[in-house]
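The chain contents come next:
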Amino acid sequence: MIDQATGMKPGERYSVENVERAHQFPGFFQDGKYYLGAELLTAVGWLEGTKFLYDSLDAQGEPVFPDRVAGTIEGMKLVLIDGTALQLSKIPASATLAPTADNLEQAPEPAQPAAPTPLKGPLRGKVVVITGASSGIGRAAAHAFACTGARLVLAARDEQALFDVLDECTDCGTDAVAIVTDVTRSDQVQALATQAAEFGHGRIDIWVNNAGVGAVGNFEQTPLQAHEQVIQTDLIGYLRGAYVALPYFKAQRSGILINTLSLGSWIAQPYAAAYSASKFGLRGLTEALRGELTEFPDIHVCDIYPAVMDTPGFRDGGNYTGHALTPPGPIYDPQQVARAMVASAISPRAHTTVGTAARLAHLASYLVPRLALVTGWLTRRALNRSPSAQITSGNLFEPTNDRRSVEGGWKSSNGNMTLWVVAAAVGVIAGLAATRSPRRRR
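Presented here is a report on the structure given in the accompanying data block. (Residues numbered from 1 in each chain as written. Predicted model: local features only at pLDDT ≥ 70, side-chain atom pairs only at ≥ 80, totals over all residues. Heavy atoms only, no water.)

1. Points about the pairing of strand β15 (residues 299–306)
Part 1 of the reasoning: The buried fraction of β15 is high, at 7 of 8 residues.
Part 2 of the reasoning: Looking at chain direction, strand β14 (residues 255–260) and β15 are connected through 6 bridges and run parallel. If you follow Ile256 over to β15, its bridge partner there is His300.
Part 3 of the reasoning: Between β14 and its parallel partner β15, the chain crosses via helix α6 (residues 273–292), and the hand of that crossover is right-handed.
Part 4 of the reasoning: Pairing analysis gives 4 bridges linking β15 to strand β17 (residues 351–354), with the strands arranged parallel. Bridge assignment links Tyr305 to a residue of β17, and that residue is Thr353. (Buried < 20%, exposed > 50% of the residue type's maximum accessible area, 1.4 Å probe, protein only. Helix = DSSP H or I, 4+ residues; strand = E, 2+ residues; numbered from the N terminus. Pairing = 2+ DSSP bridges. Right-handed = clockwise from strand over helix to strand, strands pointing away.)

Put into structure tokens, the structure is as follows:
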């Protein structure tokens, strides 16, 4: 029997038809309740008569609609409290029910969707928190996880850029929320976890520690506050993320913590001392956490070690050198790191290295104990040859005004050539190390 007030029939499903606002209501109504998807049969909205209550939070953790009253439904039309009218339409049974054994042979081949269908992805329904989601690797990761069926909690300092990413992800059909967060603030990281758990109905399944900043310059000529801010973000920010995520993981006895490290976790970076301290420290942090979590076999700590990526980091970071900064090649696509993160979320691995150059750097760190002396000389030489540039703190203490994006525009056609040069250099170094070892023993 059709409900005379709402126009909906028991047992049927109804979706919001208006495309301009549909990303706010990606699920369906059925039997007086509102669900996010067929695979996520936990109601996030309810009908009380014709009144529609929708449990959705904004970036500050406040209800999107006062008292959670989104509007009313009458005659197959959802009228929001701001007066916007959204039409409801019945979802055909063929779109939600699998063919039976009797009609399986006659059923036509299903049409291929124009875009990925997140509700059928390998991480469908999993709640994924990503810090540093406004640009670079974090933004690429948000896009990658959105196409796996995950429910995203996107965090960063730049509110406008964060909501741009939110729109990009919800266009994929996934459910997501943006929460403005500064990982150098313990209270904000705690609030992020609390709101993420509310969004996940008590669960957080995957936490990606990714927010990062950098400062390049002679150690004593770089302000102490800049060094401290790098460590607060790149090391203690990760510690804060782990600190608030692990209680949820332990309560549900499962979870995945993914940390973005760097090839700089193996090779010290002269003229970026605080960055090196942070990345070396992260190796110790993650190993210590693994040691504590041995009684929880379904809680994993996964490290991602990227090579140099084509992100805005070199453009936006603090520059106290007085020279223009250009990342050393080879430079890789940040989408590779995003895919590695998704792979770790699906099948956890303790360590994942992204980019051949990172693997070679890892090898060189074992073969050449004094490699930092070589990298220091090379960095100093490159800086002295670089054009003059204004000293700036970049995005260390607040987001920049530049347009946020995944790529930084650094990739060039000489990447492969640089890779072969790096490979040859490591080969020569390895040979020298091998020939010198016997002499020392004599």
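There's more to say after this.
2. Structural notes on the sheet that holds β17
Part 1 of the reasoning: Spatially, 7 strands are ordered β11-β10-β9-β12-β14-β15-β17 in an open sheet, and the strand pairing comes out parallel. Since the sheet does not close on itself, it has two edges, and those belong to β11 (176–180) and β17, each with one partner. The sheet shows a mean angle of 15° between the axes of neighbouring strands, direction not considered.
Part 2 of the reasoning: The strands that helix α5 (residues 224–252) touches are β12 (206–209), β14 and β15; relative to β12, the one it contacts most, it runs at about 175°.
Part 3 of the reasoning: The sheet strands contacting α6 are β14, β15 and β17, and the helix crosses β15 at an angle near 160°. (Axes fitted to C-alpha atoms, helices over the stretch in contact; angles between N-to-C directions. Contact = heavy atoms within 4.5 Å.)

3. Let's talk about the environment of Ala324
Part 1 of the reasoning: Note on placement: Ala324 falls in the loop between β16 (318–319) and α8 (334–346).
Part 2 of the reasoning: Given the relative accessible area of 28%, Ala324 is considered partly exposed.
Part 3 of the reasoning: Along the primary structure Ala324 and Leu383 are separated by 59 residues, whereas in three dimensions their C-alpha atoms are 7.7 Å apart.
Part 4 of the reasoning: Once residues within four sequence positions are removed from consideration, Ala324 is found in contact with Asn319, Ser386, Pro387, Ser388 and Ala389.

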